[in-house]
Structures are given as C-alpha cells and as structure tokens.
2 protein chains.
Amino acid sequence: MSTISNRTFEEIQLGDNCIRHHTVCEQDLILFATVSGDRNPVHLDPEFAATTPFKGQIAHGMFIGALISAALAMDLPGQSTIYLSQNLSFRKPVMIGDELTVELKVSAKHESKPVVTLECSVTNQHDKVVASGEATVMAPTEKMTVNAPELPQVTLG
Amino acid sequence: MSTISNRTFEEIQLGDNCIRHHTVCEQDLILFATVSGDRNPVHLDPEFAATTPFKGQIAHGMFIGALISAALAMDLPGQSTIYLSQNLSFRKPVMIGDELTVELKVSAKHESKPVVTLECSVTNQHDKVVASGEATVMAPTEKMTVNAPELPQVTLG
C-alpha cells in the first residue's frame, strides 16, 4: 500500500519543489466528462474534434487543474494540506498522448499564519507550458504519514 | 440524445447568467480521485475522515472547479467556448450529500476581442458560498448546436 507524507509549514523553504508526470489517455477525458458533467464533443468525439481548430480531442482545461490539485495534496505540502485558492491560465491545448509534467514551487510563506503560495506550471513533451498559475494553501503544522486508500477498479462501457 | 447550444459573443449581455445543480455523492469523490490522482483519505476513507476537523469525507476542492468548468462549456457561453483562465477561492468544505448550486454571471465583455469574464459562485443547501471566483473565456462567434456524446457506463468495484 502506498503512503502520503507531508512537509510541514516549518520544514517548507522558499524554492522547494515537486514534480509529477502524467500521460493523458482517452479514459482521462471520459472520466473527467463523467465527473464534471462537461460532455463537449471536442473532448469525447474524435470525428467531431477533427473538424475543430484543435484537429483532435483535447483534454478539459480543468483536468489540468485537477492534476495540479493532486500534486498539492499528495506531494507538496502533501497530507493535511487545506486548499485555499488557485488561479490558472490555460495556455495551450492538451491532446491525448501528451506527456505532462506538473511542477510546483514554493514562492512565498506567510509571516504569521501557516499559509504557503506555490507557483504551478504544467509543460508538455515539447517543453511548452500548457497551463500555469498560483496556488495558496494552508500547510500542515504536524508531520504525518498515512496510507493512501486503494481505489476501486473503474470499468467503462 | 441531449444537445449543447451556445450564446455567441454578440448575444451575450452583461448580467446574463446560468444555474446548474449537483448533489455530491461518494462516486464523485472516487472518480475525481481516480482521474486526478489525489487519493487523500480525507476524501475516500470515512473512518479516517471522521477523525479530521471536517468530521467526514469532503469533496476535492478542484471537483468544484470541475463543476464550474462544465457550466461554462455546457451552458454559458456553451458549445465552442475556449477556456482562458480561472481563479477560485475554496471557502467552505463540501460534504457528501451537499446540494450545490453553481451560478455563472457575465461581468465583463472585452471591447474588441470576443472575450467574456464571468463571476462564478457555488453555494450549498444552506445558502453558504463554498467556492467563488472568476472565469475568462473566449466566447463563440458562431451560433451552434451539437449532440452531446453519450458517456459509457462507469462501473466501480
């Protein structure tokens, strides 16, 4: 069973970073459509998507937001992080097969409260930034490692 | 088969709004954990979540972002909207069973480009704002109605 640890507010230093990788697959788009309710055919229908300026199925913009949120919750600060706010710019379309790198970097620590700001950037396999923004979180003050629950198998169709 | 229409940049007026409702269920949390990779037990493990300050399983913050993004893509402006940016503040925890209302309201139209800003707010069944923010999108310039693809059945377990 895998575990989730954290870096506490005290441990976190300016410039601390984390990196996660994810290759986008069609199941991501179907699941994100299911959970969000966004059934736009540009995400789901290859024939329709081929007729758009994108020339193929693109990932939902907020799917990239979801990947950023997972990096905050799983890696930096990790367990017991409380999400306060996020801003995000969607800079380039993300296609099925794109190999994304999500990077978070600590850019500010609040003077009196355990609040941390992180720069967020997501790049593709061509080193192009597809999304960028800034997250503000309440960092944990207590060191903790917990078991990550196993997820049930998801079957489509 | 359901359809997705749109309001074009020309049609959109300041103050135009749309409202969507969603009741949060445990499957939302499992699917969002699967698609994002955020397997924090506060979202997934009722026993663990009961020991946290939230006293129960909470929805992922960015799941609320996903609901907002769906309202932009499906309702206002709707089909062929291009998502440019989003900021979001997560104000209150969202629990399983919460009845959410997502409201978008047009707050600005760009003078020369088909760019629209929308205030976004998500309230729960107690009329408390759980998340709020602002979206900027490129609105469609062409009137369009398309079929919304049917999604495959998702089975967990």
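Whatever comes next refers back to the structure up there.
What you are looking at is a predicted structure, and each value in this text was computed from that prediction instead of being measured. (Residues numbered from 1 in each chain as written. Chains lettered and ligands numbered in written order. Predicted model: local features only at pLDDT ≥ 70, side-chain atom pairs only at ≥ 80, totals over all residues. Heavy atoms only, no water.)

## Considerations on the side chain of Arg-39 of chain A
Note that Arg-39 of chain A resides in the loop between α1 (26-36) and α2 (41-44). Although Arg-39 of chain A lies buried, it forms no salt bridge, and the closest oppositely charged side chain, Glu-150 of chain B, sits 4.3 Å away as judged by the N-O distance. A polar contact of 2.7 Å, which involves the side chain of Arg-39 of chain A, links it to the side chain of Ser-2 of chain B. At 3.0 Å, the side chain of Arg-39 of chain A and the backbone oxygen of Pro-149 of chain B are in polar contact. (Helix = DSSP H or I, 4+ residues; strand = E, 2+ residues; numbered from the N terminus. Buried < 20%, exposed > 50% of the residue type's maximum accessible area, 1.4 Å probe, protein only. Lys, Arg positive; Asp, Glu negative; His and termini not counted. Salt bridge = Lys/Arg side-chain N within 4 Å of Asp/Glu carboxyl O. Polar contact = N/O pair within 3.5 Å; in protein donor to acceptor, adjacent residues only side chain to side chain.)

## Section: the relation of the copies chain A and chain B
Mapping chain A onto chain B calls for a screw motion: a turn of 180° about the axis and a shift of 0.0 Å along it, with 0.0 Å RMSD after fitting. The superposition operator between the copies reduces to a two-fold rotation axis. Of the C-alpha atoms belonging to chain A, the one lying closest to the rotation axis is found on Asn-87 of chain A, 2.0 Å away. A high fraction, 100%, of the interface residues of chain A reappear at the interface in chain B, so the copies pair face to face through one surface. (Least-squares fit on C-alpha atoms with pLDDT ≥ 70 in both. Contact = heavy atoms within 4.5 Å.)

## Some remarks on the pattern of salt bridges
All names here are of chain A. On inspection of all chains with the given rule, the structure shows six salt bridges over all chains. The partner of Arg-7 in a salt bridge is Asp-16, and the shortest N-O contact between them spans 3.5 Å. Residue Arg-7 is classed as partly exposed on the basis of its relative accessible area, which comes to 26%. Under the relative-accessibility criterion, Asp-16 is labelled buried at 17%. Of the charged contacts in the structure, one is a salt bridge between Arg-20 and Asp-75, with a shortest N-O distance of 3.1 Å. In this pair, Arg-20 is assigned in strand β2 (residues 17-23) and Asp-75 in the loop between α4 (61-74) and β3 (82-90), connecting sequence segments 55 residues apart. A relative accessible area of 23% means that Arg-20 is categorised as partly exposed.

## Considering the pairing of strand β5 (residues 115-123) of chain B
Residue and element names in this part refer to chain B. Here β5 lies mainly inside the structure; seven of its nine residues are buried. As paired strands, strand β4 (residues 99-109) and β5 are joined by eight bridges and run antiparallel to one another. Paired with Val-102 across the two strands is Val-122, which belongs to β5. Count of turn residues in the β4/β5 antiparallel hairpin: five residues. Judged from the nine bridges that link them, β5 and strand β6 (residues 129-138) form a sheet pairing that is antiparallel. Within β6, the residue paired with Thr-117 across the bridge is Thr-136. Between β5 and β6, which pair antiparallel in sequence order, lie five residues; one of them, Asp-127, sits at a positive phi of approximately 60°. (Pairing = 2+ DSSP bridges.)

## Points about the nonpolar core
Ranked by internal contacts, the top residues of the largest apolar core, which has 72 residues, are Ile-68 of chain A together with Phe-32 and Ile-68 of chain B. Discounting residues that sit within four places of it in the chain, Ile-68 of chain B has contacts with Tyr-83, Gln-86, Leu-88, Val-102, Leu-104, Cys-120 and Val-122 of chain B. (Core = buried A, V, L, I, M, F, W, Y, C linked by side-chain atoms within 4.5 Å.)

## Let's talk about the interface of chain A and chain B
Across the contact, 53 residues belong to chain A and 53 residues belong to chain B. Where chain A abuts chain B, roughly 4300 Å² becomes buried across the two surfaces, and 66% of that area is made up of carbon and sulfur atoms. For the chain A face of the interface with chain B, the top three residues by lost area are Val-35, Arg-39 and Met-62 of chain A, together amounting to 17%. Here chain A and chain B share zero salt bridges between them. Between chain A and chain B we count 13 residue pairs in polar contact (both at pLDDT 80 or more) in total. Sorting elements by how many residues they give to the side of chain A that touches chain B places α4 of chain A first, with 10 residues. Here the residues of the side of chain A that touches chain B sort into 29 nonpolar, 18 polar and six charged. Here β3 of chain A pairs with strand β3 (residues 82-90) of chain B via five bridges, running antiparallel. Along β3 of chain B, the bridge assignment pairs Asn-87 of chain A with Asn-87 of chain B. (Buried area = accessible area lost by both parts, 1.4 Å probe. Nonpolar A, V, L, I, M, F, W, Y, C, P; charged D, E, K, R; others polar.)

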